[in-house]
Amino acid sequence: MTVTAASFRSSAIGRGAAAGAVAGIVGGLVFGAAMAAGGTLPTVASILRTDAPWVGFTLHMVFAVLIGAGFGLLVAHQRVRAGETVIWGLVYGMFWWFLGPLTLLPLLAGRPVAWDLVDARAVLPSLFGHLLYGGVTAVVFVMVRRDRLRMRPRPATGFRGALAGVAVSAVLYLGLDVMAGAALGWLFLVGTIAGLGYPLLFGAARERSGPALIRGTAYGFLCWIAAALTVAPLLRTGTLDWSTGAVTAAVAQLPPYILLGAGTALVFGALGGLRGWLFGDDVRARRVESPGGRGLRATGYGALAGVVGGLVFTVVMVLVNELPTVAGLVGARSPVVGLIVHLVIAQLIGVSYAVLFRRRSFDLASGIGWGVSYGFLWWVLGDLTLLPVLTGAPPQWSAAGIAAGFPSLVGHLGYGAVLGAVYYRLEARTNPWWFRRSTAEAERVAAQHDQTLGSAPALWALIVMLALTIPVLVSP
Amino acid sequence: MAGRERIVEVATSNALWGAVTGLVAGSLVGALMQFQGMFGDIGSVAPSWAVFLGSATAIGGAIGVITDHRPHELAAAVSGGALVGLLGWLVIALTLNPLLHGTPPTWTVAAAATVYRTLIGAVLHGALTGAALHGLWSVRRPRCGSGAAPVAPLTRVVIVGGGFAGVSAAQRFERLVLRGVTIDVTVISDSNFLLFTPMLAEVASSALEPAHISAPVRSAVTHTRFRHGAVDDIDTTGRAVVMSGERVPYDHLVIAVGSVPSFFDLPGVEENSFTMKDLADATRLRDHVIELLERCDQLTDPHERERLLTFVVAGGGFAGAETVAELFDLVHGVLHLYPGITADEPRFVLVHSRDRILPELSPQLGAYALERLRARGIGFRLGIRVAEASRDAVRLSDGARISTATFVWTAGTRPSAFVARIAGEHTRNGALVTDATFRVTGLDRVWAVGDCARVPDLDQGGAPFPPTAQHALRQGRAVADNIAAIIAGRPPVAFRFRTIGVLVALGHRTAAAEIRGHRFSGLAAWLLWRGIYLAKLPGTEKRVRVLLDWLLDLVFPRDVVVTTKSRAVASPAPEPGANGGHR
């Protein structure tokens with residue numbers, strides 16, 4: 001590497017750290033305000049063996065700036081679209097929740113680390129503070145660093161987003177009868193705002209549905225924090241309530257919000273695709289490959305990978321005696337019928353994975369990442385929602401229901417990991433699409449790679465962390 | 001180094017480095033956990049340490065194997081590590097740990113709560129390992145990761161010819177590249193599509209659309225360089241293929257140019273005959289026949305009518321038999337549109353030098369085919385050769401003269417003239433002589449497969465393999481394997497293949513087939529023919545299109561649209577060579 005390139009890189013890193021520090025100030029102020037409202041600033045101050053709130057606030061701001069600079073360093077070279085930096089911010093914030101209040105803060109204060117479930121639950125409000133901090137820091141970071149690609153959505157795009165949000169809300173309301181007790185007006189309001197926010201945050205770039213679906217899942221989580229956990233209590237009682245009890249009560253709305261986010265992303269993309277298909281007269285904009293080409297083979301691979309994943313999942317199903325419930329889908333009780341139904345479902349989900357995520361795995365890690373995230377989404381959609389509804393029960397959208405579904409979540413994550421890994425191997429074996437023969441092709445692949453994977457690792461990590469934080473959210 | 005071995009070596013090295021990093025990071029996190037007195041609840045301290053460090057090493061190894069190193073993407077490395085750490089927690093803490101203690105895992109929230117402290121340890125450990133590995137790889141390999149291009153120069157393989165043998169070799173090379181063989185493959189062909197020759201006769205009879213039986217080479221081998229153009233020369237000493245004045249260097253050359261019709265220097269045959277080797281030939285023949293019918297519909301001169309309605313095919317092999325049967329189907333299939341021609345007027349003659357047609361089939365099936373075709377009114381002149389052809393007639397070796405405007409030549413093939421110019425040993429008809437591993441005798445790093453090569457069949461005492469598609473396909477794959485073996489420093493393997501079977505379509509709902517000694521005829525063989533060849537068509541799209549053509553053929557009449565002008569019919573005496581017989 002030449003000296004110029006090295007100095008350029010170090011200066012870029014330096015700029016990233018500086019921008020991160022600035023963003024950290026804003027994030028810290030917002031988080032600090034939330035802490036002041038919750039009265040948790042003395043906890044921070046306890047590091048210096050005092051409980052003065054201003055000491056806590058000062059210390060908190062110092063941490064915020066340092067951690068913000070760390071964020072800048074980490075993502076300085078990440079080529080992502082502006083809005084997707086938010087995902088990095090969220091996962092970074094969540095990671096610091098594990099590292100900060102659960103680990104370093106107790107250690108510095110001379111206490112044992114708070115890694116137990118009970119301890120983690122005690123600092124649950126801080127989790128949302130960290131997520132808020134990460135999100136705000138990321139947004140400010142993007143605004144400070146103007147060199148990043150920004151997309152200004154047009155009114156039509158906003159309308160498309162709102163339409164998608166409302167449509168998904170309507171399906172949730174009509175199809176599932178109730179959105180965990182939410183009023184009709186509130187539901188559509190949230191749908192509209194979530195729909196408007198999606199293109200605002202992530203832009204209107206065309207991409208394959210799979211990555212959008214996963215991003216929508218994370219977006220749904222974000223919406224849940226913003227709407228169900230923050231705005232709704234604020235409007236209701238005028239106070240910010242991130243307490244353990246409030247979270248456990250609000251967790252009932254987490255599945256519908258996740259479905260709302262994922263559905264909005266999917267419908268938003270589909271509407272965009274439909275618009276392009278009907279009215280787009282420039283074929284240069286059509287990069288989508290004809291489905292007939294190698295699609296059939298991909299579908300077969302999806303089915304095969306789904307069956308392999310389903311067999312892994314079967315171990316969990318047998319041990320937790322879930323097969324008779326699955327057999328209930330076809331009106332039977334026999335575990336054998338349940339096994340068959342389960343494998344057929346596993347296969348169908350595998351096929352849908354192939355349709356949604358074809359050529360979106362760039363290495364084994366990305367295959368597993370997409371697969372695990374998709375498995376999580378199917379836990380929410382399948383185990384918590386469709387399975388009870390189709391067997392004549394209301395959706396399992398409650399803290400108790402989610403807790404009861406935790407073994408199945410583990411199974412779904414394992415299923416997704418195997419599905420993604422096997423599908424990636426099959427695709428790589430016969431369809432070496434990243435194998436490039438010309439400069440133009442290599443550039444196209446690199447662009448697609450960047451677009452897809454810019455924020456993908458953050459998405460996967462966020463979703464798995466969310467999945468494994470669920471015991472903290474729901475345990476009694 | 002062989003590709004697979006190289007991949008295994010890279011993966012092993014990554015796993016080892018990952019395991020070491022995981023162990024170091026695990027020691028740090030473990031020290032913290034020890035300091036916090038966390039090992040107590042999993043059992044006594046000593047085995048817990050062992051279990052913890054073991055799982056940390058395993059997770060580190062997994063992170064090393066599955067995450068690809070991308071420079072400047074520290075954030076991706078950290079979150080990838082955390083992801084693997086979390087999944088590892090699911091497997092180890094939540095599943096294997098209870099099993100080790102003799103209780104079945106339940107994965108309930110309560111079970112998760114008991115080991116939840118190790119989850120946070122797993123997240124920290126994974127993230128730490130990811131970051132450390134990233135730093136390690138940035139130092140060790142500043143520019144390339146495990147999946148990056150190899151540093152060693154690629155072995156350049158050039159395939160001349162885009163037929164069955166050439167394309168199947170290129171497809172095989174694409175597979176081998178995935179297994180890590182470091183090659184750079186270029187296909188050079190003067191036609192940009194792979195023609196499915198078994199269905200050519202159906203194009204001539206208007207039953208199939210020409211484009212439906214051919215697939216672009218570019219889409220058949222999407223990751224191979226393709227150059228459309230004719231090869232001018234091959235410099236075997238300087239190891240380069242010359243095309244349009246440009247030299248394309250190679251390390252290994254595969255000649256798979258196929259064959260062209262051979263006219264044995266018979267007077268007038270090349271100038272006055274149609275051939276059946278490519279799509280243009282088939283369309284030209286079809287258009288010519290329909291134009292003849294158009295003309296005869298209005299013609300009153302009985303001699304001229306007889307001449308125009310006489311169709312002569314030379315050669316009683318697969319191509320000849322299928323062509324005469326399909327011509328018969330075409331003419332009688334559209335005759336209802338031509339009220340001026342009666343059904344007994346068209347006359348079909350097949351001239352064959354041997355006593356029985358279809359020598360590739362068993363005598364019984366050959367006799368069956370002859371009997372079926374004869375029953376339809378097709379005439380046969382067996383044991384007789386074509387001696388000469390002119391614009392309006394064909395003269396046979398017994399002196400007979402058949403007046404005709406349509407003379408199709410399928411009685412001989414030879415490798416293209418270009419092959420004869422390549423150094424190395426040739427057979428009498430110009431084919432390159434190779435050993436059983438396809439290496440051209442007398443040349444280094446030059447290989448030949450398909451119809452242009454004489455490959456000895458070791459199981460048949462060195463007799464050459466017949467020039468059919470099933471052999472060409474397998475020879476293409478085998479030559480790719482052999483070149484990969486040479487690159488890997490292994491000896492090439494002799495090609496052995498027993499013909500699976502032969503199938504010949506005899507027109508409307510009739511065929512003859514011989515598969516592994518089992519004989520089929522009639523409708524069963526015809527269904528077999530259609531099923532097998534449909535499955536063998538290159539690409540799903542073409543299969544669907546041909547299937548649709550066949551289905552539409554059941555309910556709609558054959559098309560008589562003429563798309564090219566044939567001057568042979570525009571004037572009663574065709575200009576030499578104008579009917580496309582020459583090459």
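Residues numbered from 1 in each chain as written. Chains lettered and ligands numbered in written order. Predicted model: local features only at pLDDT ≥ 70, side-chain atom pairs only at ≥ 80, totals over all residues.

**Considering the overall build of chain A**
1) Next: Secondary structure assignment for chain A yields 19 helices and zero strands.
2) Next: Out of the 476 residues in chain A, the part that is buried amounts to 53%. (Helix = DSSP H or I, 4+ residues; strand = E, 2+ residues; numbered from the N terminus. Buried ≥ 20, exposed ≤ 12 C-beta atoms within 10 Å, placed from the backbone.)

**A short note on the overall build of chain B**
1) Next: Within chain B, the secondary structure is distributed over 18 helices and 27 strands.
2) Next: The C-alpha atoms of chain B give 33 Å as radius of gyration, which overshoots the globular expectation for 583 residues (25 Å, by more than 25%).
3) Next: The principal-axis extents of the C-alpha atoms in chain B amount to approximately 110 × 55 × 45 Å.
4) Next: Buried residues in chain B amount to 46% of all 583 residues.
5) Next: Looking at chain B alone, contacts between residues at least 24 apart form 70% of all its contacts between residues at least 6 apart. (Rg over C-alpha atoms; globule rule 2.2 N^0.38 Å. Contact = placed C-beta atoms within 7 Å.)

**Considerations on the packing of helix α4 (residues 85-108) of chain A against helix α5 (residues 116-140) of chain B**
1) Next: The N-to-C vectors of α4 of chain A and α5 of chain B enclose an angle of 115°; their axes lie 10 Å apart at closest approach. The chirality of how α4 of chain A crosses α5 of chain B is left-handed. Note on element contacts: α5 of chain B touches α4 of chain A through Ile120, Val123, Leu124 and Ala127 of chain B, opposite Phe95, Phe98, Leu99 and Leu102 of chain A.
2) Next: Of the residues in the contact of α4 of chain A with α5 of chain B, the class split is eight nonpolar, no polar and no charged. (Axes fitted to C-alpha atoms, helices over the stretch in contact; angles between N-to-C directions. Left-handed = near helix turned anticlockwise from the far one by under 90°. Nonpolar A, V, L, I, M, F, W, Y, C, P; charged D, E, K, R; others polar.)

**Thoughts on the interface of chain A and chain B**
1) Next: Contacts between the two partners involve 50 residues from chain A and, on the opposite side, 44 residues from chain B.
2) Next: Among the elements of the structure, α3 (53-75), α4, α5 (117-122), α12 (295-319), α15 (364-390), α17 (406-430) and α19 (456-474) of chain A are those that each provide at least two residues to the side of chain A that touches chain B.
3) Next: Classifying every residue of the side of chain A that touches chain B by side-chain character gives 40 nonpolar, six polar and four charged.

**Here we look at the sheet that holds strand β7 (residues 240-243) of chain B**
Residues and elements named next belong to chain B.
1) Next: Spatially, β6-β7-β8 is the arrangement adopted by the three strands of the open sheet, whose pairing is antiparallel. Across the chains shown, the open sheet's two edge strands, defined by having one partner strand only, are β6 (233-235) and β8 (246-249). Put simply, the sheet's adjacent strands are angled 25° from each other on average, direction ignored.
2) Next: Sheet topology places β6 next to β7; three bridges connect them, and they run antiparallel. Across the sheet, residue aspartate 233 finds its bridge partner in β7, namely valine 242. (Pairing = 2+ DSSP bridges.)

**Description of the environment of tryptophan 397 of chain A**
1) Next: Here tryptophan 397 of chain A lies in the loop between α15 and α16 (399-404).
2) Next: Each C-alpha atom of the pair tryptophan 397 of chain A and valine 344 of chain A lies 25 Å from the other, and the pair is 53 residues apart in sequence.

**Regarding the environment of tryptophan 242 of chain A**
Residue and element names in this part refer to chain A.
1) Next: Inspection of the secondary structure puts tryptophan 242 in the loop between α9 (209-237) and α10 (244-250).
2) Next: Note: C-alpha distance between tryptophan 242 and glycine 129 (113 residues apart in sequence) is 8.8 Å.
3) Next: If we ignore the near neighbours within four places in the chain, the residues touching tryptophan 242 are Gly38, Pro125, Phe128, Leu229 and Val247.

**What about the sheet that holds strand β2 (residues 183-189) of chain B?**
All names here are of chain B.
1) Next: Strand order in the open sheet made by the five strands is β5-β2-β1-β9-β21, with parallel pairing throughout. Unpaired on one side and paired on the other, β5 (225-228) and β21 (446-448) mark the two borders of the sheet. Neighbouring strand axes in the sheet, compared pairwise and without regard to direction, differ in orientation by 20° on average.
2) Next: Against the sheet, helix α6 (residues 164-178) makes contact with β1 (155-160), β2 and β9 (252-255), and its axis sits at roughly 165° relative to β2, the strand it touches most.

**Some words on the pairing of strand β18 (residues 406-409) of chain B**
All names here are of chain B.
1) Next: With burial as the criterion, each face of β18 is covered, one bearing Thr406 and Val408 and the other bearing Phe407 and Trp409.
2) Next: Both strand β11 (residues 274-275) and β18 contribute to a ladder of two bridges, which runs parallel. Considered in β18, the bridge of threonine 275 is made with tryptophan 409.
3) Next: The sheet contact formed by strand β12 (residues 310-314) and β18 spans four bridges and is parallel. Bridging from a neighbouring strand, valine 312 pairs with phenylalanine 407 of β18.

**Observations concerning the confidence of the model for chain B**
Residues and elements named next belong to chain B.
1) Next: Considering every residue of chain B, the mean pLDDT works out to 86; 91% of them sit at 70 or more.
2) Next: Under a pLDDT of 50 for its full length, residues 569-583 has, in the predicted model, 35 contacts with residues more than four places off or in other chains.
3) Next: The ipTM, which scores confidence in the relative placement of chains, is 0.84 for this predicted complex, and the corresponding pTM is 0.79. (pLDDT = per-residue confidence, 0-100.)

**A short note on the nonpolar core**
1) Next: Membership of the largest hydrophobic core comes to 186 residues, with the highest contact counts inside it found for Val91, Leu462, Ile463 and Val464 of chain A together with Leu86 of chain B.
2) Next: With 16 residues, α19 of chain A is the largest single contributor of residues to this core.
3) Next: For valine 464 of chain A, the residues in contact, after removing those within four places along its chain, are Val372 of chain A together with Leu83 and Leu86 of chain B.
4) Next: Val324, Val440, Val479 and Leu537 of chain B belong to the second largest nonpolar core, which has 124 residues in total. (Core = buried A, V, L, I, M, F, W, Y, C linked by C-beta atoms within 7 Å.)

**A look at α4 of chain A**
All names here are of chain A.
1) Next: Remark: the principal bend of α4, roughly 35°, maps to glycine 100, with a proline, proline 101, within the next four residues.
2) Next: Within α4, 20 of the 24 residues are buried, which leaves the element mostly enclosed by the surrounding structure.
3) Next: Looking one or two residues past α4, glycine 110 carries a phi angle of roughly 80°, positive in sign. (Bend = angle between axes of the 7 residues up to and from the residue.)

**Some remarks on the pairing of strand β27 (residues 518-521) of chain B**
Residue and element names in this part refer to chain B.
1) Next: Taken together, the four bridges between strand β26 (residues 511-515) and β27 define a ladder with antiparallel strand orientation. When the bridges of β27 are listed, isoleucine 515 appears paired with histidine 518.
2) Next: In this structure, the hairpin formed by β26 and β27 is closed by a connection of two residues, where arginine 516 is found at a positive phi of approximately 50°.

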